[in-house]
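# Commentary on secondary and tertiary structure
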Amino acid sequence: MKRHLLLPLVAALTLAACSHNTLPEGVLDAGQMADFLSEAYQLEAYNTVMYRGNTDDPAPEVRAAYDDILRRQGISRDEVEKSLEYYSRHPLEYKEILDEVNSRIAE
């Protein structure tokens, strides 16, 4: 009997998830997020090698490089923060983004 209830529940949840394609205002779409994270992770690797990964007080060059990434991509820190909050609450979407970032970095 319980098995008969599970299928309709899964179907309803799947449909609800699919109908939620609209992102909240100020949240980067998956492509924009992958673009930002690809560059940001490379910068983090550089920071780790050059400055021993001091993320509490990054070197001025590292802060300037983050600002350059944001400027070139036409996004704001606020959009990045909102996007990180959003995708942390949507782990399946975030995993797809991170998979894309990993494939870009591996190239």
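Right above here is the structure, for reference.
The rules behind these values
Residues numbered from 1 in each chain as written. Predicted model: local features only at pLDDT ≥ 70, side-chain atom pairs only at ≥ 80, totals over all residues. Heavy atoms only, no water. Helix = DSSP H or I, 4+ residues; strand = E, 2+ residues; numbered from the N terminus. Buried < 20%, exposed > 50% of the residue type's maximum accessible area, 1.4 Å probe, protein only. Contact = heavy atoms within 4.5 Å. Axes fitted to C-alpha atoms, helices over the stretch in contact; angles between N-to-C directions. Nonpolar A, V, L, I, M, F, W, Y, C, P; charged D, E, K, R; others polar. Polar contact = N/O pair within 3.5 Å; in protein donor to acceptor, adjacent residues only side chain to side chain. Patch = residues over 30% accessible without salt bridge, like charges linked within 9 Å, V, L, I, M, F, W, Y side chains within 5 Å. Areas by Shrake-Rupley, 256 points an atom, 1.4 Å probe, with all protein chains shown as cover. Salt bridge = Lys/Arg side-chain N within 4 Å of Asp/Glu carboxyl O. 1 Å grid on protein atoms, 1.4 Å probe; cavity = no way out; pocket = protein on both sides within 12 Å on 5 of 7 lines; lining within 4 Å. Points joined across faces, edges and corners; volume = space filled by probe spheres on them.

### A short note on the overall build of the protein chain
Broken down by element type, the protein chain carries five helices and zero strands. Taken from N to C terminus, the helices and strands of the protein chain fall in the order α-α-α-α-α. Buried residues in the protein chain amount to 22% of all 107 residues. Partitioning the contacts of the protein chain with sequence separation of at least 6, the portion at a separation of at least 24 is 68%.

### Some details on the packing of helix α4 (residues 77-88) against helix α5 (residues 91-106)
For the pair α4 and α5, the least separation of the axes is 7 Å and the interaxial angle reads 115°. Counting all contacts with α4, which are made through L84, Y86, Y87 and S88, the residues of α5 involved are P91, E93, Y94 and I97. Residues that form the contact of α4 with α5 fall into these classes: six nonpolar, one polar and one charged.

### Focus: the environment of D35
Note that D35 resides in helix α2 (residues 30-51). Assessed through its relative accessible area of 34%, D35 is described here as partly exposed. Residues D35 and I69 lie 34 residues apart in sequence; the distance between their C-alpha atoms is 9.6 Å. Setting aside anything within four residues of it in sequence, one finds D35 in contact with Q73 and R104.

### Side note on the environment of R89
Within the secondary structure layout, R89 lies in the loop between α4 and α5. Among the polar contacts listed, one links the side chain of R89 to the backbone oxygen of E85, at a separation of 3.3 Å.

### Observations concerning a nonpolar patch on the surface
Residues Y46, V49 and M50 make up a contiguous nonpolar surface patch of roughly 320 Å² in combined accessible area. With respect to the helices, strands and loops of the structure, M50 is situated in helix α2.

### Remarks on the layout of surface pockets
Looking at the largest pocket, its volume works out to about 300 Å³. The wall of the largest pocket is formed by 15 residues, among which F36, E44, Y66, R77 and V80 lie closest to the centre. When residues of the lining of the largest pocket are traced back to their parent elements, those giving at least two are α2, α3 (60-73) and α4. Here the lining of the largest pocket takes six residues from α2, the largest share from any one element. Across the lining of the largest pocket, the residue classes break down as nine nonpolar, two polar and four charged.

Note that every value here comes from positions in space, so none of it alone points to a role or purpose.
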